[in-house]
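Chains, contacts and geometry: an overview
This is what each chain is made of:
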Amino acid sequence: GRTALSAWYRWEGDSLILHLRVQPKARADEFAGVYGEGQYRIRITAPPVDGKANSHLAAFLAKQFGVAKSAIVLVSGESSRNKLVRIGSPARLPLPEITR
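My aim in this report is to walk through the structure given alongside it, one point at a time.

Rules used in this analysis
- Residues numbered from 1 in each chain as written.
- Predicted model: local features only at pLDDT ≥ 70, side-chain atom pairs only at ≥ 80, totals over all residues.
- Heavy atoms only, no water.
- Helix = DSSP H or I, 4+ residues; strand = E, 2+ residues; numbered from the N terminus.
- Rg over C-alpha atoms; globule rule 2.2 N^0.38 Å.
- Buried < 20%, exposed > 50% of the residue type's maximum accessible area, 1.4 Å probe, protein only.
- Contact = heavy atoms within 4.5 Å.
- Areas by Shrake-Rupley, 256 points an atom, 1.4 Å probe, with all protein chains shown as cover.
- Lys, Arg positive; Asp, Glu negative; His and termini not counted.
- Charge placed at Lys NZ, Arg CZ, Asp CG, Glu CD.
- Salt bridge = Lys/Arg side-chain N within 4 Å of Asp/Glu carboxyl O.
- Pairing = 2+ DSSP bridges.

Secondary structure assignment for the protein chain yields one helix and six strands. Taking 100 residues into account, the globule formula puts the C-alpha radius of gyration at 13 Å, and the protein chain, at 12 Å, falls close to it. The C-alpha extent of the protein chain, read off along each of the three principal axes, is 35 × 30 × 20 Å. The buried share among the 100 residues of the protein chain stands at 36%. Contacts in the protein chain between residues far apart in sequence, at least 24 positions, make up 47% of those at least 6 positions apart. When the accessible surface of the protein chain is split by element, carbon and sulfur atoms take 48% of a total near 5600 Å². Of the side-chain charges in the protein chain, 15 are positive and 8 negative, and the distance between the mean point of each set is 4 Å.

What follows is the structure, given as structure tokens:
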């Protein structure tokens, strides 16, 4: 079964699904650790206006996971801090907590 430890991510075939808690207007773009039981916190510098945060988040994730920005799909949470993101065939896994 899913443990609380990894409830914030799962694999669907070659795609990685992430449950994120996004904190906009941060000092830096960074992975900030597991948040609660089922989310991973990410801080980004972009403000939460006009989709800027989502676009910035996608660019950050694409860079970190070694994929094109088009491989990052925002499944839900467009105007929320709680986001569900799909990453298609990540080339890199920048977070040691994520295992295959």
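Considering all chains together, one arrives at four salt bridges under this definition. The salt bridge involving Glu 12 is made with Arg 10; its shortest N-O contact spans 3.0 Å. A residue is classified by how much of its surface remains accessible, and Glu 12, at 35% relative accessible area, is partly exposed. For Arg 10, a relative accessible area of 30% corresponds to the partly exposed category. The salt bridge partner of Arg 100 is Asp 14, with a shortest N-O separation of 3.3 Å. Of this pair, Arg 100 sits in the segment after strand E6 (82–88) while Asp 14 sits in the loop between strand E1 (9–12) and strand E2 (15–23), placing them 86 residues apart in sequence. Each of the salt bridges in this network shares a partner with another, and the network as a whole consists of Arg 10, Glu 12 and Arg 86.

Attention now moves to the pairing of E6. Examined bridge by bridge, E2 and E6 share seven bridges and lie antiparallel to one another. Bridging across to E6, Leu 18 finds its partner in Val 85. Taken together, the four bridges between strand E5 (residues 72–76) and E6 define a ladder with antiparallel strand orientation. Considered in E6, the bridge of Ile 72 is made with Ile 87. Between E5 and E6, which pair antiparallel and follow one another directly, the connecting turn spans five residues, one of which, Gly 77, has a positive phi of 95 degrees.

Read these as layout, nothing more, since geometry by itself doesn't imply function.
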